[in-house]
Amino acid sequence: MSDAPSGLTWEQANCTRDQAAELLALADGLAAVGALRTGRRAGQLSIFNFRLRAAADGGDAPDAPLVILMRAGVFRRHTFFARFTPAGADGAAILALSGPIDRDWEWRPAFEELRDRIVGQPVWREAVGASYEERLAAFRASLAAVEPSRFSEGRGGG
């Protein structure tokens, strides 16, 4: 365990604060596209053997917690879950993780290809109402003072 109040540092999570902001910006956009198309804040994109899913937890409001699943692999399956609860009147934002991202998982290239395929599309701007860069800046600001926690710690992670 670490000295961090959440018991999980960014280094232990094998994820930087900036990578988490990128993941949240794309996942939030996928959920917004889902809301535009089906009325439910849930969406997914897949490429090759990589899948990114995102859904609102506890309702379809834009400020509802966002649950994210990243998964890849044919023979050895990599799976990563995150739950982001935006800051509210009751306190700071919370980013709860299932655990660290596997150190041998090269998820960034597939993630970046998914990102680049959707963020320039008209549906992105229509659903999200902002560019990816604007949403990324907002998530960076939201995570500025956040340390990740584990789901099992009861800090909004389930």
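Quick look at the structure, then. Since we're looking at a predicted model, the values are computed, not measured.

### Topic: the pairing of strand β1 (residues 42-47)
Of the pairings in the sheet, the one linking β1 to strand β2 (residues 50-56) comprises six bridges and is antiparallel in character. Paired with Ala-42 across the two strands is Ala-55, which belongs to β2. Hairpin connection of β1 to β2: two residues between the antiparallel strands, including Phe-48 at a positive phi of 50°.

### Focus: empty space enclosed by the protein
According to the stated counting rule, one finds one cavity of 30 Å³ or more in the structure shown. It is helix α2 (residues 17-38) that contributes the most residues to the lining of the largest cavity, three residues altogether.

### What about the packing of α2 against helix α3 (residues 108-118)?
One way to put it is that α2 packs onto α3 with a least axis distance of 11 Å and a crossing angle of 45°. When the axis of α2 is compared with that of α3, the two are oblique. Regarding α2 and α3, the two cross each other, and that crossing is left-handed. Within the contact between the two elements, α2 uses Gln-19, Glu-22, Leu-23, Leu-26, Leu-30 and Val-33 and α3 uses Arg-108, Phe-111, Arg-115 and Ile-118. Considering only residue class, the contact of α2 with α3 consists of six nonpolar, one polar and three charged.

Cut-offs and rules
- Residues numbered from 1 in each chain as written.
- Predicted model: local features only at pLDDT ≥ 70, side-chain atom pairs only at ≥ 80, totals over all residues.
- Heavy atoms only, no water.
- Pairing = 2+ DSSP bridges.
- Helix = DSSP H or I, 4+ residues; strand = E, 2+ residues; numbered from the N terminus.
- 1 Å grid on protein atoms, 1.4 Å probe; cavity = no way out; pocket = protein on both sides within 12 Å on 5 of 7 lines; lining within 4 Å.
- Points joined across faces, edges and corners; volume = space filled by probe spheres on them.
- Axes fitted to C-alpha atoms, helices over the stretch in contact; angles between N-to-C directions.
- Parallel < 35°, antiparallel > 145°, perpendicular 65-115°, else oblique.
- Left-handed = near helix turned anticlockwise from the far one by under 90°.
- Contact = heavy atoms within 4.5 Å.
- Nonpolar A, V, L, I, M, F, W, Y, C, P; charged D, E, K, R; others polar.

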